[in-house]
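Architecture and fold: a report
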2 protein chains.
Amino acid sequence: MTMKQNLHFVTLATIDLDATRAFYGALGWTPLIDVEDEIVFYQVAPGMVLGFFDAEKFGQDLAASTDHSRLGGVTLSHNVESPAEVHELTGSMAAAGGAVLKQPQAGQFGGIFHAHVQDPNGVIWEIAHNPGWHVDADGTVSFSEPTD
Amino acid sequence: MTMKQNLHFVTLATIDLDATRAFYGALGWTPLIDVEDEIVFYQVAPGMVLGFFDAEKFGQDLAASTDHSRLGGVTLSHNVESPAEVHELTGSMAAAGGAVLKQPQAGQFGGIFHAHVQDPNGVIWEIAHNPGWHVDADGTVSFSEPTD
């Protein structure tokens, strides 16, 4: 069986659901489904949902021996229209309670201009202006190959 | 400035790009862009890209003090049409080199039937049949609230 090339949910462990709701709410996001003390879901692309799942339940759901309550090795990216908007949104995220890890600057890869901001869970958002990135009307993504 | 409710890229640190290519290739996936020794991108939803980024460069890109090379606190989900397909795809992923963390079974949350399989990077895929989940033609997701 092949696997359709589709991602349907990204689920992140959270140790503070209320801080998560406050942060994304301050940025203007509306939950798709919000379950007290358990999980909050946001639709973030056609057919795609981002969930923040109480860390204890996240661990129970996996039922694996490893500690999966700490976020690492993942970034989420959000593209904007210009370097000025990278500055502006980074400021808005800081005002909403985010921690700026990397101030707006030219990136090392891909010819982009970006910043990195942590949400209350420690998950890292890259806020980027990528002049070579484009989404067609049908949802097809194209962008230039990263050049160092 | 509000933040549009959109996720454009999910980027995961990988310590073995070739193992990543082999695993997803065995499942039938085609890269959107593949850069030797650096990153491989797959389009996984309209307007949305999943990237596997060489762990050393991932760390350089973040330029943060924390070690972000280890994956944790995140799962990616892929939904299929039936419990039988959960079994079938879990078997295909194991055959492709994935490690089955949780054999196909009823989940603790949300009324689903699922399995958990790690890819060569340790990232955890949930393969799920969720009878209450639906995507409209315009990409809008709906699903039942999780009930314990």
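Residue positions within a chain follow its written sequence, with the count starting from 1. Written order decides the labels, with chains lettered from A and ligands numbered from 1. Residue-level local features of this predicted model are given only where pLDDT is at least 70; pairs of side-chain atoms are given and counted only at 80 or more, and the full residue set underlies all totals for whole chains, interfaces and linings. Remark: hydrogens and water are excluded; side-chain values derive from all non-hydrogen atoms of the structure.

Expressed as a screw transformation, the operator carrying chain A onto chain B has a rotation angle of 180° and an axial translation of 0.0 Å, and the superposed copies differ by an RMSD of 0.0 Å. In short, the pair behaves as if placed about a two-fold rotation axis. When the interface residues of chain A are mapped onto chain B, 100% of them again lie at the interface, so the same face is used by both copies. A least-squares fit on C-alpha atoms brings the copies together, and the residues used are those whose pLDDT is at least 70 in both copies. Residues count as neighbours in contact if any of their non-hydrogen atoms are within 4.5 Å of one another.

This next bit is on the sheet that holds strand 7 (residues 113-118) of chain A. With mixed pairing, the eight strands of this open sheet are ordered in space as 6(A)-7(A)-8(A)-5(A)-1(B)-4(B)-3(B)-2(B). Because the sheet does not close on itself, it has two edges, and the strands there are strand 6 (99-106) of chain A together with strand 2 (33-35) of chain B. In this sheet, neighbouring strand axes are inclined to one another by 20° on average, regardless of whether the strands run parallel or antiparallel. Think of it this way: DSSP has to see at least two bridges between two strands before they count as a pair. Helix and strand labels come from DSSP, where a helix needs a run of H or I of at least four residues and a strand needs a run of E of at least two; each type is numbered from the N terminus. As defined by bridge partners, strand 5 (residues 74-79) of chain A adjoins strand 1 (residues 9-14) of chain B across four bridges and the pair is classed as antiparallel. Looking across to strand 1 of chain B, one finds that A:Ser77 is bridged to B:Phe9. Axes here refer to lines fitted to C-alpha atoms; in helices the fit is confined to the stretch in contact. Angles between the N-to-C directions go from 0 to 180 degrees.

Let us look at the pattern of salt bridges. We define a salt bridge as a side-chain nitrogen of Lys or Arg found within 4 Å of a carboxyl oxygen belonging to Asp or Glu. Tallying each qualifying case throughout the model produces four salt bridges over all chains. Residues A:Asp34 and A:Arg21 are paired through a salt bridge, measuring 2.7 Å at the closest nitrogen-oxygen approach. Taken together, the positions of A:Asp34 in strand 2 (residues 33-35) and A:Arg21 in helix 1 (residues 17-26) put the pair 13 residues apart, joining distant regions of the chain. A relative accessible area of 34% means that A:Asp34 is categorised as partly exposed. B:Asp18 is the salt-bridge partner of B:Arg21, the closest N and O atoms lying 2.9 Å from each other. Here the residue B:Arg21 and the residue B:Asp18 both occupy positions in helix 1 (residues 17-26), the gap between them amounting to three residues, near one helical turn. Accessibility here uses a 1.4 Å probe with only protein chains present; expressed as a share of the type maximum, an area under 20% marks a residue as buried, one over 50% as exposed, and anything in between as partly exposed. Classification of B:Asp18 as exposed rests on a relative accessible area of 55%. A single network of salt bridges, built from pairs that share partners, joins A:Asp18, A:Arg21 and A:Asp34.

Next up on the list: helix 1 of chain B. Residue and element names in this part refer to chain B. Here helix 1 has its buried residues at Leu17, Thr20, Arg21, Phe23 and Tyr24. Summarising the axial view, the buried residues of helix 1 lie within an arc of 170°, below the 170-degree limit, and thus occupy one face. Close packing links the buried residues of helix 1 with strand 1, strand 2, strand 3 (39-45), strand 4 (48-54), helix 3 (83-95) and strand 8 (124-129). Among the residues trailing helix 1, Gly28 stands out with phi positive, at a value near 95°. Directions from the helix axis toward the C-beta atoms define the arc.

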